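Here's the letter readout for the chains.
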Amino acid sequence: MEIERKFLVDLTNVSLTNYEFRTLEQGYLCREPVVRVRREDDNFYMTYKGKGLLSREEYNLPLTKEGYEHLKKKSDGNLITKRRYLIPYLSYTIELDVFEGALAGLILAEVEFSSEEEAHAFPAPDWFITDVTLDCRYQNVNLIDGLPQIS
């Protein structure tokens, strides 16, 4: 079970230079249920995600590089690339995604929790601007269509 909250952020007073990051590339084979293939540096996965926004089923299966490259072609070139910074905060790790390519300019922070109660009680840092956890436009599977239009 994956339980996470997602936020738009303002990095005006946040420096990322001292934080570790990973380079991610991912494509989607199916939207319902979500089936994703991902390269994270030199690791490769296929992920199944169930329905839900705050919490949902998630299963990761390891892939070989060859398996990833084969399945990536099935995503019809709809790939998301991003840098994921790992930022310690209290007892949590903020996963800060800085998107590249067509999504350049979008920056999302995700924090994972062990329960929904813990997620609701999370004291977000002041640079977390808008909670978009329940806004499906910010799910990565929907971002392959482009940046969300704010109304």
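In the block above lies the structure referred to throughout.
As the structure is a prediction and not an experimental result, all values here were calculated from the model. (Residues numbered from 1 in each chain as written. Predicted model: local features only at pLDDT ≥ 70, side-chain atom pairs only at ≥ 80, totals over all residues. Heavy atoms only, no water.)

1. Structural notes on unusual backbone geometry
- Cis geometry marks the peptide bond from Glu32 to Pro33, where omega comes out at 0°.
- Along the polypeptide, Pro33 turns up in the loop between β2 (21-31) and β3 (34-40).
- Although it is not a glycine, Leu90 adopts a positive phi angle of roughly 50°.
- Mapped onto the elements, Leu90 comes out in the loop between β7 (79-89) and β8 (92-99).
- By relative accessible area, which is 63% here, Leu90 ends up exposed. (Helix = DSSP H or I, 4+ residues; strand = E, 2+ residues; numbered from the N terminus. Buried < 20%, exposed > 50% of the residue type's maximum accessible area, 1.4 Å probe, protein only.)

2. Details of the pattern of salt bridges
- All told, the structure shown has 16 salt bridges when counted by the stated rule.
- Glu110 is paired through a salt bridge with Lys6; the nearest N and O atoms lie 3.2 Å apart. In this pair, Glu110 is assigned in strand β9 (residues 107-112) and Lys6 in strand β1 (residues 2-9), connecting sequence segments 104 residues apart. Lys6 carries the same exposure label as Glu110, and that label is buried.
- Between Glu40 and Arg22 there is a salt bridge, and its shortest N-O distance comes to 3.3 Å. Of this pair, Glu40 sits in strand β3 while Arg22 sits in strand β2, and the two are 18 residues apart along the sequence.
- Note on Glu40: relative accessible area 13%, which makes it buried.
- When salt bridges with common partners are traced through the structure, they connect Lys6, Lys82, Arg84, Glu95, Asp97 and Glu110 into a single cluster. (Salt bridge = Lys/Arg side-chain N within 4 Å of Asp/Glu carboxyl O.)

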